[in-house]
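# Analysis of the macromolecular model
Listed below, chain by chain, are the residues.
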Amino acid sequence: MEKIYLSYQDYNYAINRIFKEIKKIENIHIISIYRGSLGIGVHLSNLLNAPLSILKFQTRDGDKHEKLKMIYNAGIKKDDNLVVVDDIYDTGKTLKEVKKYLKTFFPKNKAYYFTIFGRPNNDSINFIFENKGKWVNFLWEIIEENY
């Protein structure tokens, strides 16, 4: 399978694009999905001085598909606008489950969804770079062998 290696420049571009979209939103509460988007969530949380909560649900790497759960709630309020970030939207399984979870436990909150890589979709998932079925190596997953 062909691979894409996300450079720091591309990551920085993606974060800046997402930041420009969400900085207009009031009462932002960032939600990251453990593990892939923790760095993205922390980065945006720091830029926006917004709280960060963490959901856990992994659907790759042979994991048993355990039930989606909130592993850290930074105090989501009923008037918070939830900005869910993830690294990639591929099959849609993860974010569809996240949407169901948020509608169940936070039904009054408006939610926005952003990923760095994605595919055209009808799920209201915004993405910066289109992924055409390639494996993505994010910069936090790459180890330089020349140390």
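Up top you'll find the structure we're talking about.
Residues numbered from 1 in each chain as written. Predicted model: local features only at pLDDT ≥ 70, side-chain atom pairs only at ≥ 80, totals over all residues. Heavy atoms only, no water.

Within the largest apolar cluster, 21 residues are counted, with the highest numbers of intra-cluster contacts made by I22, I30, L44, V83 and I116. Taken together, the elements giving at least two residues each to this core come down to α1 (8–22), β2 (28–34), α2 (38–48), β5 (81–88) and β6 (111–118). When residues of this core are assigned to their parent elements, the largest contribution, five residues, is made by α1. In this view, L44 contacts I15, I18, F19, I22, I30 and V85; residues no more than four positions away in its chain are not counted. Residues I31, M70, V84 and V98 belong to the second largest nonpolar core, which totals 17 residues. (Core = buried A, V, L, I, M, F, W, Y, C linked by side-chain atoms within 4.5 Å. Buried < 20%, exposed > 50% of the residue type's maximum accessible area, 1.4 Å probe, protein only. Helix = DSSP H or I, 4+ residues; strand = E, 2+ residues; numbered from the N terminus. Contact = heavy atoms within 4.5 Å.)

Along the polypeptide, I71 turns up in strand β4 (residues 69–72). When its relative accessible area of 42% is taken as the criterion, I71 is described as partly exposed. Taking the C-alpha atoms as reference points, I71 and K23, 48 residues apart in sequence, are found 25 Å from one another. Not counting residues within four places of it along the chain, the set of residues in contact with I71 comprises Y34, I54 and K56.

As a further point, take the pattern of salt bridges. Summed over all chains, the structure comprises four salt bridges. When the shortest N-O distance is used, the salt bridge between K134 and E2 registers 3.5 Å. One end of the pair, K134, is in the loop between β7 (125–130) and β8 (135–137); the other, E2, is in the segment before β1 (3–5), and 132 residues separate them in sequence. Using a relative accessible area of 31% as the deciding quantity, one classes K134 as partly exposed. (Salt bridge = Lys/Arg side-chain N within 4 Å of Asp/Glu carboxyl O.)

Our focus in this paragraph is the side chain of N137. Following the sequence through the fold, N137 ends up in strand β8. When residues no more than four places from it in sequence are discounted, the contact partners of N137 are K3, I4, Y5, L6 and I142.

Turning to a positive patch on the surface, a few remarks are in order. A cluster of basic residues, R17, K20, K23 and K24, forms a positive patch on the protein surface. In this structure, K20 sits in helix α1. Residue K20 is classed as exposed on the basis of its relative accessible area, which comes to 51%. (Patch = residues over 30% accessible without salt bridge, like charges linked within 9 Å, V, L, I, M, F, W, Y side chains within 5 Å. Areas by Shrake-Rupley, 256 points an atom, 1.4 Å probe, with all protein chains shown as cover. Lys, Arg positive; Asp, Glu negative; His and termini not counted. Charge placed at Lys NZ, Arg CZ, Asp CG, Glu CD.)

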